[in-house]
Amino acid sequence: MGRKSSVQQLDPRVREVVDRLVREDRATIDEIVQLLEDKAGEEAPSRSAVGRYVKSAREQMQRYREAQELAKVWVGKLEEDPDGDVGRLLSEMLRTVAFQQLSTVGDEGAEINTKDIMFLAGAIKDLANADKVSLERELRVRQEVAKQAAAKAAEVSRKGGMSREFQDELKREILGVAK
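A few points on the structure. (Residues numbered from 1 in each chain as written. Predicted model: local features only at pLDDT ≥ 70, side-chain atom pairs only at ≥ 80, totals over all residues. Heavy atoms only, no water.)

As a further point, take the overall build of the protein chain. In terms of regular secondary structure, the protein chain is built from 6 helices and 0 strands. Walking the protein chain from its N terminus toward its C terminus, one meets helices and strands in the order α-α-α-α-α-α. Burial statistics for the protein chain: of 179 residues in total, 20% are counted as buried. Taking the contacts inside the protein chain whose residues are at least 6 apart along the sequence as the reference set, 43% of them involve residues at least 24 apart. Of the accessible surface of the protein chain, which amounts to about 13800 Å², a share of 54% is contributed by carbon and sulfur atoms. (Helix = DSSP H or I, 4+ residues; strand = E, 2+ residues; numbered from the N terminus. Buried < 20%, exposed > 50% of the residue type's maximum accessible area, 1.4 Å probe, protein only. Contact = heavy atoms within 4.5 Å. Areas by Shrake-Rupley, 256 points an atom, 1.4 Å probe, with all protein chains shown as cover.)

Quick look at the structure:
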């Protein structure tokens, strides 16, 4: 990993001013360089360092905006059908990220942050609970559909003059109930 840029090494208060100017797109690179020369004097970063910093910050902001837009689309789809493909995809993505993070714990030089591990463990537990609730909901819906189908089949067979025994057998077959 390379060293920090000279802009990142500035006093945090000065860097916050630079970050705000970049975020709000209110200043050119030359104006930022001038501001830094006024504040930091001889220790001010070069114009090229400021340019690299601004370019990197703008790229990060663009990726962030794109991620926000994507998240809005996914959240919209998730709200429409929480048990659908998007809900399952998000669940799997979070599970994958969690396991990737946990797999780096044993890597040489990797820091073990107990808060992160606790957060990931909680996320995995929440995912498991969400999967269980989703599965139980789907099972209840299927059972209700089967009951309605069995009732309808019994009604139709009764109208067709079928025997009571045949109606009961039909219900058992539709509901999957053993004799």
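Before going further, it helps to spend a moment on the pattern of salt bridges. What the rule picks out here adds up to 6 salt bridges. A salt bridge links D11 to R13; the shortest N-O distance between them is 3.0 Å. Exposure remark for D11: the relative accessible area of 32% places this residue in the partly exposed category. Between R47 and D30 there is a salt bridge whose closest N-O contact spans 2.6 Å. (Salt bridge = Lys/Arg side-chain N within 4 Å of Asp/Glu carboxyl O.)

On to the nonpolar core. Core analysis: the largest hydrophobic core is formed by 17 residues, its most contacted members being V7, V18, V22, I32, L36 and V50. Excluding residues within four positions of it along the chain, V50 makes contact with V7, I29, I32, V33, L36 and P45. (Core = buried A, V, L, I, M, F, W, Y, C linked by side-chain atoms within 4.5 Å.)

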